[in-house]
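Residues per chain are reported as follows:
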Amino acid sequence: MVARPPLRLSVEAMGLPDLPEVQAIERLSFTTPWPPHAYRTELQSNRLAHYVVARADGRVVGFAGMWLMVDEAHVTTFAVHPAWRRQRIGERMLLSLIDVALARGAREATLEVRLSNLGARRLYEKYGFRPVGLRPRYYSDDNEDALIMTTETLDGAPMQARLARLRAALEAAPELESPDDGPAGDRGPAGGA
Ligand SMILES: CC(C)(COP(=O)(O)OP(=O)(O)OC[C@H]1O[C@@H](n2cnc3c(N)ncnc32)[C@H](O)[C@@H]1OP(=O)(O)O)[C@@H](O)C(=O)NCCC(=O)NCCS
């Protein structure tokens, strides 16, 4: 058997040519996807916005974004293609957003997540986000409440120690597996946020 070269994952700024793949992942991931023009408007007109894609050997396998508002980074969207989940792609994108937030002088990061979205909550908790409140009936499709989660001070010693530990773990993590190579792990259907 010929050994395959390792799959390379990169996290890069989202560009307009990425939008068809981003929207396909969006539709697989959320019950109420953003309308098609929303990402285009964000990329072209919102100077506070910062959006990234995760690419595995050129293919878009995830995307995430935030608004950088004065000293707060507000995560606006976050998804990994269902076939590529549980391979730390979400972690790599979150770390990339936090790095940019820190570089732009944000003191903390915040987001809303469905109360029932335990997978996403676990990811955010791992990166230092803690529940700070609820937005009742935040999601219009089913009136589910949103949990507001916020980090401690991004450049404080505890958060910096957490990020250093998580970065080291990511560097030591196993290589990505392509879903095209057959079944892997517990990848399931789209979770929905
Ligand atoms: C949430 C989501 C982005 C996670 O992406 P991912 O690449 O699969 O996550 P990772 O592999 O980086 O997981 C990192 C950590 O998150 C947690 N996690 C992620 N998915 C989980 C799941 N399904 N169940 C439990 N914990 C989960 C775990 O703590 C995991 O660390 P561990 O493997 O050491 O236990 C992905 O499931 C997704 O796109 N879901 C649908 C869209 C969505 O819910 N977006 C969030 C909107 S707020």
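Residues numbered from 1 in each chain as written. Predicted model: local features only at pLDDT ≥ 70, side-chain atom pairs only at ≥ 80, totals over all residues. Heavy atoms only, no water.

### Brief notes about the overall build of the chain
On a plain count of helices and strands, the chain comes out with five helices and seven strands. Beginning at the N terminus, the succession of helices and strands in the chain can be written as β-α-α-β-β-β-α-β-α-β-β-α. Rg of the C-alpha trace for the chain: 17 Å, near the compact-globule value of 16 Å for 193 residues, within the 12% margin. Judged by the C-alpha coordinates and their principal axes, the chain covers about 55 × 40 × 35 Å. For the chain, with 193 residues in total, the buried portion stands at 45%. Across the chain, the fraction of contacts at a sequence separation of at least 24, relative to all contacts at a separation of at least 6, is 66%. Of the roughly 10,400 Å² that the chain leaves accessible, carbon and sulfur atoms contribute 53%. (Helix = DSSP H or I, 4+ residues; strand = E, 2+ residues; numbered from the N terminus. Rg over C-alpha atoms; globule rule 2.2 N^0.38 Å. Buried < 20%, exposed > 50% of the residue type's maximum accessible area, 1.4 Å probe, protein only. Contact = heavy atoms within 4.5 Å. Areas by Shrake-Rupley, 256 points an atom, 1.4 Å probe, with all protein chains shown as cover.)

### Considering the side chain of His-74
Looking at where His-74 falls in the secondary structure, it is placed in strand β4 (residues 72-80). Side-chain polar atoms of His-74 contact the side chain of Glu-112, separated by 3.1 Å. Among residues more than four places away in sequence, those in contact with His-74 are Gly-65, Met-66, Trp-67, Met-69, Thr-110, Leu-111 and Glu-112. (Polar contact = N/O pair within 3.5 Å; in protein donor to acceptor, adjacent residues only side chain to side chain.)

### Description of the packing of helix α1 (residues 19-29) against helix α2 (residues 36-45)
One can describe the packing of α1 onto α2 by two numbers: an axis separation of 10 Å at closest approach and a directional angle of 130°. When the axes of α1 and α2 are compared, the pair comes out oblique. Between α1 and α2 the crossing geometry is right-handed. Judged by residue contacts, Leu-19, Val-22, Gln-23 and Glu-26 of α1 engage Pro-36, Tyr-39, Arg-40 and Leu-43 from α2. Of the residues that constitute the contact of α1 with α2, the class distribution is five nonpolar, one polar and two charged. (Axes fitted to C-alpha atoms, helices over the stretch in contact; angles between N-to-C directions. Parallel < 35°, antiparallel > 145°, perpendicular 65-115°, else oblique. Left-handed = near helix turned anticlockwise from the far one by under 90°. Nonpolar A, V, L, I, M, F, W, Y, C, P; charged D, E, K, R; others polar.)

### Details of the nonpolar core
Phe-78, Tyr-124, Tyr-127 and Phe-129 are the most contacted members of the largest nonpolar core, which totals 39 residues. Going through the elements one at a time, β2 (49-56), β3 (59-69), β4, α3 (89-103), β5 (108-114), α4 (118-126), β7 (146-151) and α5 (157-171) are the ones with two or more residues in this core. With eight residues, α3 is the largest single contributor of residues to this core. For Tyr-124, the contacting residues outside a window of four places in its chain are Phe-78, Leu-94, Leu-111, Val-113, Phe-129 and Met-149. Core analysis: the next-biggest nonpolar cluster, separate from the first, contains twelve residues, Ile-25, Val-53, Val-60 and Ala-79 among them. (Core = buried A, V, L, I, M, F, W, Y, C linked by side-chain atoms within 4.5 Å.)

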